Amino acid sequence: MTIDLRSDTITRPTDAMRKVMAEAEVGDDVYGEDPTVLELQQRVAAMFGKEDALFTPTGSMANVLAVASLVQAGQEVLCEASAHIARAELGAHGALTGLTMRTWRDPRGQIDQAAIESMYAPDMGPFFVRTAAVSIENTHNFAGGTVLPLEDLQALRAYATSVGIGVHLDGARLWNAHVATGAPFASYGACADVISVCLSKGLGAPVGSLVVGTADAIAEARVRRKRMGGGMRQVGILAAAGLYALDHHVDRLADDHANARLLADACGLDPATVDTNIVVVPRDDAAAFVAGAREEGVLVSPVGPAAVRIVTHLDVSRPDAEAAAAVLSKL
């Protein structure tokens, strides 16, 4: 048996999820007539206290649409140096929307308020790039699933409002932050102008993310989605999986977090440093470590030449985690 800890994107729909997908009521979503998509969008918008939401096929598309609602071509967004929008979306933001980025660096992916305030560039006419938004990621993938404290998000929101710039929250794994801290979704929603959330990671849906924001931002995002080839027809089959996941797979994320701490301990890390479901293990021999684990039936991922990423998820039970821990501890 293989235990796959490479990513929480490898989960497969449960039998119960497949059943609701097969029975979903559908319509043409490009016409805005798929009732299951409309239900999902309305539900997620309400969860975060926003006016509207838009279903997208991928998280990367959701992020591009979300950031583009705040940042025009030639303007800049500030973000942490290892943020997903900067490192893992193949330059889509610059290539497709013409924006630029500047970054601060934090080993745990946290908000550096002082750095942001020093980097902020107001509109100084046709001479310098203007800062239009700050993007933050919660939880932070490449920092090891770290949670951004709500009070730091609130402080950033207050500063951004004071200087008239937007806040984008990449919440692909915001569900994990909610379960880890108990912070309400609406509190997170109040900290950002626009949010992206993913259904196909810890929640176990096969496809789908959403952009959440004002009615105007979502109307603009709908146009951009179509322009990018993201218009979908009877996509309620996929939206139904998202609704099922929201009903059944949020609270259980706590199990993934506990399994991640078990695996961290097996790798010689302090489990208290693991906030959610991602463990990053420093290894000078990352490639050899990954190969050795594979030989023992455990799949993990290298993240560069000197670190390995381990991710727990819906398809990894406690006995699976214990078996994987034994292998990783030996390595």
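Further up the page is the structure itself.
What counts and how
- Chains are numbered independently. Their residues run from 1 in the order of the written sequence.
- Under the rules for a predicted model, residues below a pLDDT of 70 receive no local features and side-chain atom pairs below 80 are neither given nor counted, while totals for whole chains, interfaces and linings still include all residues.
- Derived side-chain values reflect all non-hydrogen atoms in the structure, with water molecules and hydrogen atoms excluded from consideration.
- Only one rule defines a salt bridge in this text: a Lys or Arg side-chain nitrogen within 4 Å of an Asp or Glu carboxyl oxygen.
- Numbering goes from the N terminus for both helices and strands, where a helix is a DSSP run of H or I of at least four residues and a strand is a run of E of at least two.
- Categorising residues by exposure relies on relative accessible area from a 1.4 Å probe, with only protein chains included: less than 20% of the type maximum marks a residue as buried, more than 50% marks it as exposed, and the intermediate range marks it as partly exposed.
- Only the stretch in contact is used when a helix axis is fitted, and all axes are lines through C-alpha atoms; the angle between N-to-C directions ranges over 0 to 180 degrees.
- What makes a crossing left-handed is the near helix being turned counterclockwise from the far one by less than a right angle; a clockwise turn instead makes it right-handed.
- Contacts: residue pairs with any heavy atoms within 4.5 Å of one another.
- Think of a 1 Å grid over just the protein atoms. A cavity is a set of points where a 1.4 Å probe fits yet cannot get out, a pocket is an open set with protein on both sides within 12 Å along at least five of seven lines, and lining residues have an atom within 4 Å of a point.
- Grid points are joined across faces, edges and corners, and a volume is the space filled by probe spheres set on the points.
- The residue classification treats Ala, Val, Leu, Ile, Met, Phe, Trp, Tyr, Cys and Pro as nonpolar and Asp, Glu, Lys and Arg as charged. All others, Gly included, are polar.
- The pairing criterion is simple: DSSP has to find at least two bridges between the two strands.
- Angular relationships are summarised with four words: roughly parallel below 35 degrees, roughly antiparallel beyond 145, roughly perpendicular across 65 to 115, and oblique for the angles in between.
- What makes a nonpolar core is a set of buried Ala, Val, Leu, Ile, Met, Phe, Trp, Tyr and Cys residues whose side-chain atoms join them at distances within 4.5 Å.

Chemist: Please clarify how the pattern of salt bridges should be interpreted in this entry.
Modeler: A complete count under the given rule lists 15 salt bridges for this structure. Taking the shortest distance from any N to any O, the salt bridge between Lys19 and Glu23 comes out at 2.9 Å. Residues Asp29 and Arg225 are paired through a salt bridge, measuring 3.3 Å at the closest nitrogen-oxygen approach. Of this pair, Asp29 sits in the loop between helix 1 (15-22) and helix 2 (35-47) while Arg225 sits in helix 10 (residues 215-227), and the two are 196 residues apart along the sequence. Each member of the pair Asp29 and Arg225 is classed as buried.

Chemist: Can you walk me through the packing of helix 2 against helix 11 (residues 236-248) in this structure?
Modeler: Axis angle and axis distance: for two packed helices, these are the angle between their axes and the distance between the axes, and together they describe the pair. Packing of helix 2 against helix 11 leaves a shortest axis separation of 8 Å and a crossing angle of 35 degrees. Helix-helix and strand crossings are classified by hand; for helix 2 and helix 11 the assignment is left-handed. Between helix 2, through Thr36, Val37, Glu39, Leu40, Arg43, Val44 and Met47, and helix 11, the contact on the second element is made entirely by Gly236, Ala239, Ala240, Gly242, Leu243, Leu246 and Asp247.

Chemist: Just checking my understanding: could you explain the layout of surface pockets for this structure?
Modeler: Any space left empty among the atoms is revealed by the rolling of a water-sized probe across them. Volume-wise, the largest pocket comes out at about 220 Å³. Taken together, 22 residues form the lining of the largest pocket, with Gly59, Ser60, Ala172, Cys198 and Lys201 sitting closest to its centre. Within the residue set of the lining of the largest pocket, elements represented by two or more residues are helix 3 (59-68) and strand 7 (194-198). Its residues placed into classes, the lining of the largest pocket shows 5 nonpolar, 12 polar and 5 charged.

Chemist: Is there a simple way to think about the pairing of strand 7 in this case?
Modeler: Summarising burial for strand 7: 5 of the 5 residues are buried, a large majority. Residues Val194, Ser196 and Cys198 point to one face of strand 7 and Ile195 and Val197 to the other, with burial holding for every one of them. Pairing geometry for strand 6 (residues 166-171) and strand 7, over 4 bridges, is parallel. Bridging across to strand 7, His168 finds its partner in Val194. When strand 7 meets strand 8 (residues 209-213), the two strands line up antiparallel, connected through 4 bridges. What sits directly across from Cys198, in strand 8, is Ser209.

Chemist: Would you mind showing me how to read the packing of helix 3 against helix 10 here?
Modeler: The N-to-C vectors of helix 3 and helix 10 enclose an angle of 130 degrees; their axes lie 9 Å apart at closest approach. Accordingly, the angle class assigned to the pair helix 3 and helix 10 is oblique. Remark: the crossing between helix 3 and helix 10 carries right-handed chirality. Of the residues in helix 10, those in contact with Met61, Leu65 and Ala68 of helix 3 are Glu220, Ala221, Arg224 and Arg225. Along the lines of polarity and charge, the residues of the contact of helix 3 with helix 10 split into 4 nonpolar, no polar and 3 charged.

Chemist: Explain the nonpolar core to me, please; I cannot follow it from the model alone.
Modeler: Across soluble globular proteins, you tend to see nonpolar side chains buried next to one another. With 52 residues, the main nonpolar core has Leu40, Phe48, Ile136, Trp175, Leu210 and Val212 as its most contacted residues. With 6 residues, the top contributor of residues to this core is helix 11. Leaving out residues up to four positions away in the same chain, Leu210 has contacts with Leu40, Gln41, Val44, Ala53, Leu54, Phe55, Thr56, Ala62, Ile195, Ser196, Val197 and Leu199. Among the nonpolar cores identified, the runner-up in size contains 24 residues, and Leu263, Ala266, Val281 and Leu328 belong to it.

Chemist: What should I look at first to understand the sheet that holds strand 3 (residues 76-80) in this one?
Modeler: Two strands in a sheet stick together by hydrogen bonds in their backbones, pointing the same way (parallel) or opposite ways (antiparallel). If you trace the 7 strands from one edge of the open sheet to the other, you get 2-8-7-6-5-3-4, paired in mixed fashion. Strands at the two margins of the open sheet, each flanked by one partner only, are strand 2 (52-56) and strand 4 (100-104). Here the average twist between neighbouring strands, direction ignored, is 20 degrees. With respect to the sheet, helix 2 is in contact with strand 2, strand 7 and strand 8, its orientation differing from that of strand 2 by roughly 130 degrees. Running at roughly 20 degrees to strand 8, helix 3 makes contact with strand 2, strand 3, strand 6, strand 7 and strand 8 of the sheet.

Chemist: Even after reading the chapter, I still don't get the side chain of His257, so can you show me in this structure?
Modeler: Along the chain, His257 falls in helix 12 (residues 253-266). Beyond its immediate chain neighbours, meaning those up to four positions away, His257 contacts Asn176, Val179, Ala180, Asp275, Thr276, Asn277 and Thr312.

Chemist: What is the right way to read empty space enclosed by the protein from this model?
Modeler: Throughout the structure, instances matching the rule amount to 1 cavity of 30 Å³ or more. Within this model, the largest cavity holds a volume of roughly 30 Å³. Considering the residues around the largest cavity, the lining is formed by Glu80, Ala83, Trp104, Gly109, Gln110, Ser135, Ile136, Glu137, His140 and Leu148. Per element, the largest residue contribution to the lining of the largest cavity is 3 residues, and it comes from strand 5 (residues 131-137).

Chemist: Sorry, what's going on with the sheet that holds strand 9 (residues 278-282) here?
Modeler: Pairing is antiparallel across the open sheet formed by 3 strands, whose spatial order is 9-12-11. Lying at the two open borders of the sheet, with one neighbouring strand each, are strand 9 and strand 11 (301-302). The strands that helix 13 (residues 286-295) touches are strand 11 and strand 12 (307-311); relative to strand 12, the one it contacts most, it runs at about 40 degrees.

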